[in-house]
Amino acid sequence: MRLTKQSVTLLYLSSCIIFANLLFLYGFFSFGYNDSRTSTPNDIPSTIWANKNDSEPWRFDTRRLYHKSVNKVVLMVIDGIRYDFFTESEYNVYMPFSTDLIKQNRSCLFRTRVNAPTVTMPRIKALTTGTVPNFIDLVLNLDSSAVQQDSIIYQARAANKRVIFYGDDTWLKLFPNSFVRHDGTTSFYISDYTEVDNNVTRHLENELKPTADWDIMILHYLGLDHIGHTDGPRSTLMPNKLAEMDNIIQRIVNHMDSENSELPSVLIVCGDHGMRDNGGHGGSSTGEVMVPLFVYFKNKICGGSIKEEIMQTDFVPSISVIMGLPIPSSSTGKLINKILQILNINEILFAYHYNSQQMYTNYISKKGLMNKAFMKDYDHAILYYYDWLKRETASINQAHRIISLYESALSGMSNFVIGSIAKFDIFLIIVSIVLSLQVWLLLIDFDAVNIKYIKVSRLVYLMLIRWAVCVWLQCDSVLCEFTATFNLLVCVIITMFIINLGSFDWPLSTFHRLEMSNFDNNLFYVLPGILIHLLSLFSSSYIEEEHQLLYHLWTGFSAIQVFKTFVTHSYTTSAKWIVSMILHRFCKNLNTIGNQWSGVYSLGDWFHESQNKIYLTTLMVVGLCSIFYACINIYRVAKNNKRFHRLSAIILVLYFWTLCSVYMYRVETKEVSAPYGYNILKLLFCLHLWTIAWYLLIGCHIFLVIKQTNRNSNKFNSAVCSMIILLMLRLSLLLRPHNILIPAVLVYTCKILQFKSWNTLTTTILYYWLSLMFFFYQGNSNSVGTLDIVPGYIGQTTYDPVVAGIHIFTHTYGFPILVYLFLVLDQKFSGLQKLCMLNVTQSCVYNLVILLFRNHLFIWSVFSPKLLYIIISTSTTYIFSALIVILLTLCRTSTKKELVI
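Treat the numbers as computed from the prediction; the structure is a model and nothing was measured. (Residues numbered from 1 in each chain as written. Predicted model: local features only at pLDDT ≥ 70, side-chain atom pairs only at ≥ 80, totals over all residues. Heavy atoms only, no water.)

Peer 1: How do you make sense of unusual backbone geometry when you look at a structure like this?
Peer 2: Excluding glycine, most residues fall at negative phi; most peptide bonds, likewise, are trans. Cis geometry marks the peptide bond from Ala116 to Pro117, where omega comes out at 5 degrees. Looking at the element boundaries, Pro117 is found in the loop between strand 5 (107-113) and helix 6 (120-129). Positioned with a positive phi, Asn299 is a non-glycine residue whose angle comes to about 60 degrees. Its location among the elements puts Asn299 in the loop between strand 10 (290-297) and strand 11 (304-311). (Helix = DSSP H or I, 4+ residues; strand = E, 2+ residues; numbered from the N terminus.)

Peer 1: Teacher, can you tell me more about the nonpolar core here?
Peer 2: One broad trend across soluble globular proteins is that nonpolar side chains are buried collectively. Core analysis: the largest hydrophobic core is formed by 161 residues, its most contacted members being Leu443, Ile724, Trp769, Tyr846 and Leu867. A per-element tally of this core places helix 34 (residues 801-852) first, with 23 residues. Apart from residues lying up to four places away in sequence, Tyr846 is in contact with Leu537, Ile543, Val862, Phe863, Lys866, Leu867 and Ile870. Ranked by size, the runner-up nonpolar core spans 75 residues in total, among them Leu65, Trp171, Tyr385 and Leu389. (Core = buried A, V, L, I, M, F, W, Y, C linked by side-chain atoms within 4.5 Å. Buried < 20%, exposed > 50% of the residue type's maximum accessible area, 1.4 Å probe, protein only. Contact = heavy atoms within 4.5 Å.)

Peer 1: Is there a simple way to think about the pairing of strand 9 (residues 266-270) in this case?
Peer 2: Residues in a regular strand point their side chains to alternate faces of the sheet. For strand 9, the tally of buried residues reaches five of five residues, placing the bulk of the element in the interior. Burial along strand 9 is two-sided: the residues Val266, Ile268 and Cys270 and Leu267 and Val269 are all buried. Pairing of strand 4 (residues 73-78) with strand 9, which is carried by five bridges, proceeds in the parallel orientation. Pairing of Met76 across the sheet is with Val269, part of strand 9. Sheet topology places strand 9 next to strand 10; five bridges connect them, and they run antiparallel. Bridge assignment links Val269 to a residue of strand 10, and that residue is Phe294. (Pairing = 2+ DSSP bridges.)

Peer 1: Would you mind showing me how to read the environment of Met728 here?
Peer 2: Relative to the helices and strands, Met728 is located in helix 31 (residues 714-734). Residues Met728 and Gly814 lie 86 residues apart in sequence; the distance between their C-alpha atoms is 8.3 Å. When sequence neighbours within four positions are dropped, the list of residues in contact with Met728 reads Ile627, Ala630, Ile634, Pro743, Val747 and Leu818.

Peer 1: Would you mind showing me how to read the side chain of Glu347 here?
Peer 2: Tracing the chain through its elements places Glu347 in helix 16 (residues 345-365). Although buried, Glu347 forms no salt bridge, and the nearest oppositely charged side chain, Arg64, lies 6.8 Å from it. Those residues in contact with Glu347, other than ones at most four positions away along the chain, are Arg64, Leu65 and His67. (Lys, Arg positive; Asp, Glu negative; His and termini not counted. Salt bridge = Lys/Arg side-chain N within 4 Å of Asp/Glu carboxyl O.)

Peer 1: Please clarify how the sheet that holds strand 7 (residues 181-185) should be interpreted in this entry.
Peer 2: Adjacent strands of a sheet form backbone hydrogen bonds with each other and so pair up, either parallel or antiparallel. Pairing within the open sheet is mixed, and its eight strands lie in the order 7-6-8-4-9-10-5-11. Because the sheet does not close on itself, it has two edges, and the strands there are strand 7 and strand 11. Strand-to-strand twist in this sheet, taken as the mean axis angle between neighbours without regard to direction, amounts to 15 degrees. Alignment of strand 5 against strand 11, held across six bridges, turns out to be parallel. Its bridge partner being in strand 11, Arg111 is matched across the sheet by Glu309. (Axes fitted to C-alpha atoms, helices over the stretch in contact; angles between N-to-C directions.)

Peer 1: Can you walk me through the confidence of the model for the protein chain in this structure?
Peer 2: Low pLDDT means the predicted atomic positions in that stretch should not be read closely. In this model, the protein chain carries an average pLDDT of 87, and 91% of its residues clear a pLDDT of 70 or more. This stretch, residues 896-901, has a pLDDT under 50; its non-local contacts, to residues over four places away or in other chains, come to 20 contacts. (pLDDT = per-residue confidence, 0-100.)

Peer 1: What am I meant to see in the state of the cysteines here?
Peer 2: One covalent bond between the sulfur atoms of two cysteine residues makes up a disulfide. Following the criterion strictly, the structure yields one disulfide and no others. In this structure Cys631 is a free cysteine whose sulfur lies 11 Å from that of Cys721, the closest cysteine sulfur available. Judged by its relative accessible area of 0%, Cys631 falls in the buried class. Of all cysteine sulfurs in the structure, the one in Cys660 sits closest to Cys686, which takes part in no disulfide; the separation is 13 Å. (Disulfide = S-S within 2.5 Å.)

Peer 1: Is there a simple way to explain a nonpolar patch on the surface in this structure?
Peer 2: Residues Leu531, Leu535, Phe538, Leu848 and Leu852 make up a contiguous nonpolar surface patch of roughly 470 Å² in combined accessible area. Taken together, the elements giving at least two residues each to the nonpolar patch come down to helix 22 (523-535) and helix 34. Tracing the backbone through its elements, the reader meets Leu848 in helix 34. (Patch = residues over 30% accessible without salt bridge, like charges linked within 9 Å, V, L, I, M, F, W, Y side chains within 5 Å. Areas by Shrake-Rupley, 256 points an atom, 1.4 Å probe, with all protein chains shown as cover.)

Peer 1: Is there a simple way to explain the packing of aromatic side chains in this structure?
Peer 2: The relation between two aromatic rings is expressed through the spacing of the ring centres and the mutual angle of the planes. Under the counting rule described, the total for this entry stands at 42 aromatic pairs. Centroid distance Tyr360 to Tyr378: 5.1 Å. Interplanar angle 10 degrees. Geometry classified as stacked. Separated by 18 residues along the polypeptide, Tyr360 in helix 16 and Tyr378 in helix 17 (residues 373-390) bring together distant segments of the chain. The class for Tyr360 is partly exposed, based on a relative accessible area of 25%. Here a set of aromatic residues connected by ring pairs shows up, and it is made of Phe60, Tyr66, Phe350, Tyr354, Tyr385 and Tyr406. Directly above the aromatic system of Trp214 lies the positively charged group of Lys72, at a separation of 4.6 Å from the ring centroid. (Phe/Tyr/Trp six-rings, centres within 6.5 Å; stacked < 30°, edge-to-face > 60°. Lys NZ or Arg CZ within 6 Å of the ring centre and 35° of its normal.)

Peer 1: What is the right way to read helix 19 (residues 426-444) from this model?
Peer 2: The α-helix winds at 3.6 residues per turn, so residues separated by three or four positions along the chain end up facing the same way. An ideal rise of 1.5 Å per residue puts 27 Å on 19 residues; helix 19 measures up with 27 Å between its terminal C-alpha atoms. All buried positions along helix 19 are accounted for by Leu428, Ile429, Val431, Ser432, Ile433, Leu435, Ser436, Gln438, Val439, Leu442, Leu443 and Ile444. Close packing links the buried residues of helix 19 with helix 1 (5-28), helix 21 (484-502), helix 34 and helix 35 (859-890). (Expected span 1.5 Å × (residues − 1).)

Now the structure itself:
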């Protein structure tokens, strides 16, 4: 087996950039943040000092001022419910009972804002701990571990409250051994809208009996969220689900009203997160971050629809107060005044004082300054409260003034504490950027790279310099932690740094020459285009609308080609480019993405309306036929000879079989119309047989590649064509029906670009743009909320997270990988090297953007999701590059400077 020197270099640089990306992620996201403190009843204030000169404090009677004020608490979490489901007539007409309670002021409805990321696990943490979870919890959402922070669940258990739970089993993972009774339901069967909720509701019959012994009952319903993932908020399934939730609310309220207890019980209905206008969640659109908080007290007037906006974390101190529990130590929430109306004025003032004291402790621990305006409000609030306590008669207006001062102080301290939670390891971030820049320079000057062995003495010198810098600067970076693990990490970083630094051909031999030997005029368009694209990363608005910029860059290039070919009388080529532009416009209109166009009616929405089912069926048939035709044409290239033999016949039959099975699967899901003879066809073309056919195709194509000769890269071309076909067939199953034509458009566009006499850099940039455009065409964006998780569960009868992850990844990045395969089929190793250079260019620029804008208002809602997409995309590109290098080696495709390994 032979590996060329270039191949070894590219493999090494691929490992370097993946390692640098991991360092950047570790330095940027607050992996290590965890407050292990827990509150106790001793933290509830027992005295108040007006100022330090007072000889005697005022002593509180805490048993009288801070105690349990409710009988039982029911927390009903409806996964994915939006605020407008309770307020807009389009939705609340299906929730008549809840709507009437709000209109009659018998309940309160709060407009509640949640923080990104809007996925379940971080939001449950916020609801129970009162903290803003780390953004990296978005990645950890699929593997929830026990909460280590103080929470209302912990405090309830410590106070011997009996807590029961039914619903999403994420709670059982976050709070193991915390519930006296529980029954968890898995949240990963997206197509289940009914059983997943019925398994929760069936427990109400026993738990709502007068003899029930619980203090807190938590219900977490998933069905509404599952409907949102598959069909969006305007699904035909949504009315029945909203009516079902309303009936459950009515059932619980009726039970509370029939209770014979001195204290009122309380029902709290809320959403963990909302839902995008097009379905799904995870981002920061209005539909995702605005959720309802519905509160009902037995026989109490609450206030109806409250226009004032609250934070989701405010729920924690409020529920703690009415239950008489210590407020969780790390909570950043502020009291919700309307919820406290069941208390008297003395209890309310004491609750605000306690919440302010708890927040003050966190504020001081984060090194907050005392000269802020809100801290002066805090001092005044304490002074006025002390005076109010000493007076025998005090006006209610003065009490409201004290509450107003406390609220101002709480708001300021809370904002500061939330803003200081993020911990950036600047030293590690800078080191990762330097490593990435080294890789970028080596990729630009790739032909001159000469990797050399390092001298141990240099490693020792740099380790000593690191020790001196860390001691001198008193840096708290992980790179300055002198443990065995981090010393080893530093050794790896320094080794890479020395190897990279010694690999440059000084001065850079080709830095100023971008392959000018075969220069073409198209570079005058594509190079400024790449520069504009990179500069757009410095703007949050352009990040949200990146797809628009790429579409216009491609349209401009296509228009130039139409003009050039028309002038040279190449009318056939002109027609091909015009058809390409029309097809791209069609693909762009299939899905509306971006912040400015969120919720706009798209072509895909039109196709999915029930009255347009025949048109979706037609599109599905045309798309599958186009894929079949594309597979046949690509197979001819893979076969590399014109003889038609038995294996070819088997392969073509299997192509047809898999695509027919895809259509029958969509018939089963009731998305397209059933064909004639459906009862027989569903037995012949079932999903199980699709799997068998696809794996048989893998075997057939492997045999086909092995039988190829090595002449003119035949074996390599055959292997790449086989991967293109297999990936297209896999995508045909995973794609939404209205997106089924996109693979054929991709193949058509790549065929136009192939074998042009253009500069390699020009061609690679065009393929790179295509990879990004088709990523957006299928409905993806730079928001996590557009990540479609439904394909992860196609064909699964039992949940397998590995299979689900592979399906979701294939669906999300399948089109970019297809484009990359067409690139290496056209340009071989030189195109692969240029592709790596473009990817690391974007990665380096964006890492610099993140470093500069780390305190930006939209750092977590806009910049961080884009960072995750870029790092996954870059890592995918380099893993892809490694596989292609291995394939080139196995196929013995000749390259320059061979090095025998």
